[in-house]
Amino acid sequence: EADIYQTPRYLVIGTGKKITLECSQTMGHDKMYWYQQDPGMELHLIHYSYGVNSTEKGDLSSESTVSRIRTEHFPLTLESARPSHTSQYLCASSEFGRTGDTGELFFGEGSRLTVL
Amino acid sequence: SQQGEEDPQALSIQEGENATMNCSYKTSINNLQWYRQNSGRGLVHLILIRSNEREKHSGRLRVTLDTSKKSSSLLITASRAADTASYFCATDAQGGSEKLVFGKGTKLTVNP
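Heads up: these notes are all about the structure in this document. Please read all numbers here as calculations on a predicted model, not as lab measurements.

Per the stated rule, a full pass over the model turns up seven aromatic pairs over all chains. Look at A:F107 and B:F102: their rings are 6.0 Å apart centre to centre, the planes differ by 80°, and that puts the pair in the edge-to-face class. Linking A:F107 in strand β10 (residues 106-107) with B:F102 in strand β10 (residues 100-102), this pair reaches from one chain into another. Exposure class is identical for A:F107 and B:F102. Each is buried. Note on B:Y35 and B:F102: the rings are 5.4 Å apart at their centroids and 55° apart in plane angle, and the pair reads as tilted. Remark: B:F102 occurs in strand β10 and B:Y35 occurs in strand β4 (residues 29-37); sequence separation between them is 67 residues. Each member of the pair, B:Y35 together with B:F102, is buried. Within the aromatic cluster, the residues linked to one another by ring pairs are A:Y33, A:Y35, A:F107, B:Y35 and B:F102. Sitting over the ring of A:F74, A:R68 keeps its end group 5.8 Å from the ring centre.

Thresholds applied
Residues numbered from 1 in each chain as written. Chains lettered and ligands numbered in written order. Predicted model: local features only at pLDDT ≥ 70, side-chain atom pairs only at ≥ 80, totals over all residues. Heavy atoms only, no water. Phe/Tyr/Trp six-rings, centres within 6.5 Å; stacked < 30°, edge-to-face > 60°. Helix = DSSP H or I, 4+ residues; strand = E, 2+ residues; numbered from the N terminus. Buried < 20%, exposed > 50% of the residue type's maximum accessible area, 1.4 Å probe, protein only. Lys NZ or Arg CZ within 6 Å of the ring centre and 35° of its normal.

This is the structure in structure tokens:
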């Protein structure tokens, strides 16, 4: 069982609210990721990090921001939520590959966000 | 553009039958991975196959990789109702900044 945790699992909020989705892992992994997934659809990478103080935008443009102040913690923030942000957000982590490739990703259970 | 594309999009079989899902991709890869996702949950890693490997087994799972055709297949033998889930392939592209790109997935339903 993966030691990566996301809270909240479900969140329903009104338009304009600020929200933070929490993600923590206890595996000591340097690499962490946020994916966005609409129901029945593929995952889109929105943010990733290779270590403390390292954050990069992913392939899908997102109005969210992330921070990486501690190795184990990678929160995602939306300053002003809109209905278009309604989706499932999945956090994942991995070790650096031995030969520079990407190894197995460990996923949290996801945070399902609904913005009214 | 999407790197991996699974086929079929949906598959419905009876318990005990084998299930085969295919994945095609566009660029050269370091490795290809398969994941499983139960409805509303996170993804679970199933198997990783490197570009210099052609076949890997794990329990009832068999994965093949054909780099000349840029394709992979996942075979689940003797399926069970508990195998009902969505299955995704993910590719680690060469020179791709060490991140995985996921396909749209195959939704597998195993009927008891």
